[in-house]
Amino acid sequence: MSRPRAGAPAAVLNVWTQPGAPRERVVARMGEAVKIAVAAPPEKGRANRALERFLARELGVPAAAVSVAAGGTSKHKVVRIEGVSPEALQSWVKASLGE
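Residues numbered from 1 in each chain as written. Predicted model: local features only at pLDDT ≥ 70, side-chain atom pairs only at ≥ 80, totals over all residues. Heavy atoms only, no water.

**Q** Teacher, can you tell me more about the overall build of the protein chain here?
**A** In terms of helices and strands, the protein chain carries two helices and five strands. The order of α-helices and β-strands along the protein chain, N terminus first, is β-β-β-α-β-β-α. In summary, the protein chain has a C-alpha radius of gyration of 13 Å against a globular reference of 13 Å for 99 residues, a match within 12%. Expressed as lengths along the three principal axes of its C-alpha atoms, the size of the protein chain is roughly 35 × 30 × 20 Å. A buried classification covers 32% of the 99 residues belonging to the protein chain. Contacts in the protein chain between residues at least 24 apart in sequence constitute 48% of all its contacts with a sequence separation of at least 6. Here the protein chain displays about 5600 Å² of accessible surface, and carbon together with sulfur accounts for 50% of that area. Treating the 15 positive side-chain charges of the protein chain as one cloud and the 8 negative ones as another, the clouds have centres 5 Å apart. (Helix = DSSP H or I, 4+ residues; strand = E, 2+ residues; numbered from the N terminus. Rg over C-alpha atoms; globule rule 2.2 N^0.38 Å. Buried < 20%, exposed > 50% of the residue type's maximum accessible area, 1.4 Å probe, protein only. Contact = heavy atoms within 4.5 Å. Areas by Shrake-Rupley, 256 points an atom, 1.4 Å probe, with all protein chains shown as cover. Lys, Arg positive; Asp, Glu negative; His and termini not counted. Charge placed at Lys NZ, Arg CZ, Asp CG, Glu CD.)

Okay, structure coming up:
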């Protein structure tokens, strides 16, 4: 897949991460955030990279299009996803949670 072009839509997702989980998945809503479990441990940015890869794979965008914009050392993160509209992101969240 090609890189998102300049001016392409972008969305922001508030995430509560659960590092060291047995499998990667969307777990639940937590207020305005979405809880996402990742298998990687919370060491040296591994959980952040796992979260970025998980979201890229699930949303069908290149890994470079997903970045932790805030909260790099916290369980609560703000993730920016280029090439995905806010509406499409919310639809994916609802589908992932079976809503």
